[in-house]
Amino acid sequence: MNKPRRAERLLGWYLCAPAMAAMMLVTAYPIAYAVWLSFFRHDLRFPEQNQFVGLANYAIVLTSDVWWQALGNTLIITVCSVSMELVLGMLFALLMHRVVFGRRLVRTATLIPYGIITVIAALAWKFAFDPATGFINAVLGFDQSWFTRRWSAFLVIILTEIWKTTPFMSLLLLAGLTLVPRDILKAAQVDGANAWQRFTRITLPLMKQAIGVALLFRTLDAFRIFDTVFVQTRGAQNTESVSIVGYNALIARLNLGLGSAVSVLIFLCVLLIAAFYLHGFQMARSLSRGQHQ
C-alpha cells in the first residue's frame with residue numbers, strides 16, 4: 001500500500017473513531033454483562049441459589065424443544081416477510097422513481113405505514129382479523145378465528161410485517177434506482193432492449209449492492225421480531241419467536257442467567273446472518289471485478 005493510500009485509510013479511521021467509541025460505550029458493556037450473566041445460575045426468585053454453572057445455561061437452551069421451535073418460527077417469519085417485502089418494495093420503488101405527476105404525494109403515501117409505531121400497527125391488524133371486532137371475515141366471507149390456529153396466526157403476523165416494513169425496503173431500493181445511469185438505459189432502449197430486458201440486465205445488476213444492503217437490514221430486523229408476535233399472539237399456538245423466548249426467560253420468569261444465554265445466542269445468530277451477507281457482498285464484488293478485467 002502506497003503512502004497516500006495509507007494516509008487516506010488512516011484518515012478514515014480517525015473520522016470513524018468518535019462514532020465507534022460511542023457505540024462501544026453504549027453496546028460493549030451490556031453485551032459483556034449479558035455474556036457474564038449467561039455463565040451463572042442467576043434467578044431473582046431464588047437469589048440464594050446463584051452460582052457459576054459455566055455453559056450449563058447454553059446446554060439447557062440448545063437441548064430445549066422450545067428454542068428450536070422458536071428458531072424455526074423466526075426463520076419462517078423472516079424468510080416469508082423479507083422475500084415478499086423485496087418484491088413489493090421493488091415495485092413501489094419503481095413506481096416512486098418513474099411517477100411524473102404528484103411524485104411527493106406518492107412517496108409520502110407509500111411511506112406512511114413505516115411511520116406508524118409497530119405496536120399500533122400490530123394492534124390494528126389484530127383487531128381487523130378478530131372475529132368479533134374485525135372486518136376481514138365480513139369482507140372475505142369467512143367465519144374463521146385467525147389467532148386460534150398456528151398457520152393462520154403466522155399469516156396475520158407475516159402480513160403485518162410486510163405492510164409495516166415494505167416502505168423501508170422500497171426507500172432503500174429507491175436510493176439504488178437513482179444511481180442507475182439513465183444514459184445506459186436509453187442506449188439499451190435504442191439498441192432494441194425491451195423494458196424487461198433493461199430491468200433484468202442493466203438495472204438489477206447495477207443495484208446489487210443496494211439490494212444487498214436492504215436485505216441485510218431487513219433480515220436482521222425481521223430475525224429479532226418481538227412487538228408484532230407479542231401483541232397479536234404472545235407466542236400462543238406455537239408462534240413464539242426467539243425474542244419471545246428470551247423475554248419469557250428474562251422478564252416473565254426473572255431468570256437472568258437463562259435469559260442472558262438466550263440473548264447471547266440471538267446475538268450470535270445475528271452475527272452469522274451479517275457475516276453471510278458480507279461474504280456475499282465480497283463474492284459479488286470479486287465477480288464484478290473479474291468480469292471487468
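Draft legend 1. Spatial organisation of the pattern of salt bridges. Tallied over the entire structure, the rule returns 5 salt bridges. R218 is the partner of E161 in a salt bridge, and the nearest nitrogen-oxygen pair spans 3.7 Å. Placement of the pair is E161 in helix α7 (residues 150-177) and R218 in helix α10 (residues 208-223), with a sequence separation of 57 residues. Pair check on accessibility: E161 and R218 agree, each one buried. Between D221 and R224 there is a salt bridge, and its shortest N-O distance comes to 3.7 Å. What makes D221 partly exposed here is its relative accessible area of 35%.

Draft legend 2. Representation of helix α12 (residues 242-252) within the structure. Turning to α12, its buried residues number three or more, namely V242, S243, I244, V245, G246, N248 and A249. Remark: L254 follows α12 within two positions and exhibits a positive phi of approximately 60°.

Draft legend 3. Highlighting unusual backbone geometry. Despite not being glycine, R234 has its phi angle at roughly 55°, a positive value. Position of R234 among the secondary structure elements: in the loop between α11 (227-232) and α12. The backbone of L254 sits at a positive phi, close to 60°, despite the residue not being glycine. Among the secondary structure elements, L254 is positioned in the loop between α12 and α13 (256-292). With a relative accessible area of 34%, L254 lands in the partly exposed category.

Draft legend 4. Structural detail: the state of the cysteines. Per the counting criterion, the structure on display carries 0 disulfides. C80 takes part in no disulfide bond, and the closest cysteine sulfur, belonging to C269, lies 18 Å away.

Draft legend 5. Structural view of the packing of aromatic side chains. Tallied over the entire structure, the rule returns 16 aromatic pairs. Taking the centre distance of 5.9 Å and the plane angle of 10° together, the rings of Y29 and Y33 count as stacked. Linking Y29 with Y33, this pair stays in helix α1 (residues 3-37), spanning 4 residues, or about one helical turn. A relative accessible area of 58% means that Y29 is categorised as exposed.

Draft legend 6. Seen up close, helix α5 (residues 118-129). Given a rise of 1.5 Å per residue, 12 residues ought to cover 16 Å, and the 17 Å separating the end C-alpha atoms of α5 matches this to within 8%. Those residues of α5 lying buried are A121, A122, W125, A128 and F129. For α5, the angular spread of the buried residues around the axis is 125°, confining them to a single face. The secondary structure elements touched by the buried residues of α5 are α6 (136-140), α7 and α11.

Basis of the calculations
Residues numbered from 1 in each chain as written. Predicted model: local features only at pLDDT ≥ 70, side-chain atom pairs only at ≥ 80, totals over all residues. Heavy atoms only, no water. Salt bridge = Lys/Arg side-chain N within 4 Å of Asp/Glu carboxyl O. Helix = DSSP H or I, 4+ residues; strand = E, 2+ residues; numbered from the N terminus. Buried < 20%, exposed > 50% of the residue type's maximum accessible area, 1.4 Å probe, protein only. Disulfide = S-S within 2.5 Å. Phe/Tyr/Trp six-rings, centres within 6.5 Å; stacked < 30°, edge-to-face > 60°. Expected span 1.5 Å × (residues − 1). Arc of directions from axis to C-beta. Contact = heavy atoms within 4.5 Å.

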